[in-house]
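So the chains spell out like this:
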Amino acid sequence: IRPLWLRPFLHRMLRRLSGFGSVDASDTEAETFPPARTPRPVDVLVVGGGVAGMSCALEIARKGAKAVLLDDQDCLGGNARCDPRGEADRLAARLAREVRELQGDIEVLLRRMAVSFDNGILSAATPESIEKFRPRVLVIATGAYDYIAPFVGNDHFGVFGERAILKMLTEWGV
């Protein structure tokens, strides 16, 4: 910004216009972050609740170990729930039933997105907080993600990936 002497004034004005201001340190009603949690030790942590993640957790439980199954969705099944023919959806539903039957050996944690793995600690974001896990074994079974080819206008409204279209058709009937 030129002239240079105008920068401090414009910065203050832009901060005020954009909603940024100053923090009142004496405000006792201010939102505070929860204290950091100690990482929870787990035998096997499986990230991804699709067909591969559920199959892995089931096999681990059948071998006698405890598994924690972590998924970012509201229910298990992953991309298999988007199969318009229903074959993969039936498989996912069967696996989800088997996981529920072994709930003493498999702990299912939904609506948790794995956000980092550092020094043997996996951090998962929930709508309310951050949970930390220290797994002896970590399995990443996050499945496939759409790839939208780069072309002019690929970020415009109405451009969807294949899985988004299938999800709209199968889950919402659009």
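Computed from a predicted model, the values in this text were never measured in an experiment. (Residues numbered from 1 in each chain as written. Predicted model: local features only at pLDDT ≥ 70, side-chain atom pairs only at ≥ 80, totals over all residues. Heavy atoms only, no water.)

K.L.:
Is there a simple way to think about the layout of surface pockets in this case?
P.N.:
Remark: the empty space left among the atoms is shown by a probe the size of a water molecule rolled over them. Reported here for the largest pocket is a volume of approximately 590 Å³. Every element with two or more residues in the lining of the largest pocket is listed here: helix H2 (51-62), strand E4 (113-118) and helix H4 (162-171). Sort the elements by how many residues they give to the lining of the largest pocket and H4 lands first, with three residues. For the lining of the largest pocket, the residue count by class is twelve nonpolar, nine polar and seven charged. (1 Å grid on protein atoms, 1.4 Å probe; cavity = no way out; pocket = protein on both sides within 12 Å on 5 of 7 lines; lining within 4 Å. Points joined across faces, edges and corners; volume = space filled by probe spheres on them. Helix = DSSP H or I, 4+ residues; strand = E, 2+ residues; numbered from the N terminus. Nonpolar A, V, L, I, M, F, W, Y, C, P; charged D, E, K, R; others polar.)

K.L.:
What's the story with the nonpolar core in this structure? I'm lost.
P.N.:
Inside soluble globular proteins, nonpolar side chains tend to come together where they are buried. Among the nonpolar cores identified, the biggest contains 16 residues, and Val-46, Met-54, Ala-57, Leu-69, Leu-76, Val-99 and Ile-106 are the most heavily contacted of them. At the level of elements, strand E1 (40-47), H2, strand E2 (67-70) and helix H3 (87-101) are the ones that each hand at least two residues to this core. In terms of residue count, the dominant contributor to this core is H2 (five residues). When residues no more than four places from it in sequence are discounted, the contact partners of Leu-69 are Val-46, Gly-48, Gly-49, Gly-53, Met-54, Ala-57, Leu-76, Val-99, Ile-106, Glu-107, Val-108 and Leu-109. If you look at the next biggest cluster of nonpolar residues, it comprises nine residues, including Val-42, Val-47, Leu-122 and Phe-133. (Core = buried A, V, L, I, M, F, W, Y, C linked by side-chain atoms within 4.5 Å. Buried < 20%, exposed > 50% of the residue type's maximum accessible area, 1.4 Å probe, protein only. Contact = heavy atoms within 4.5 Å.)

Interpretation in functional terms is not warranted from these geometric data alone.
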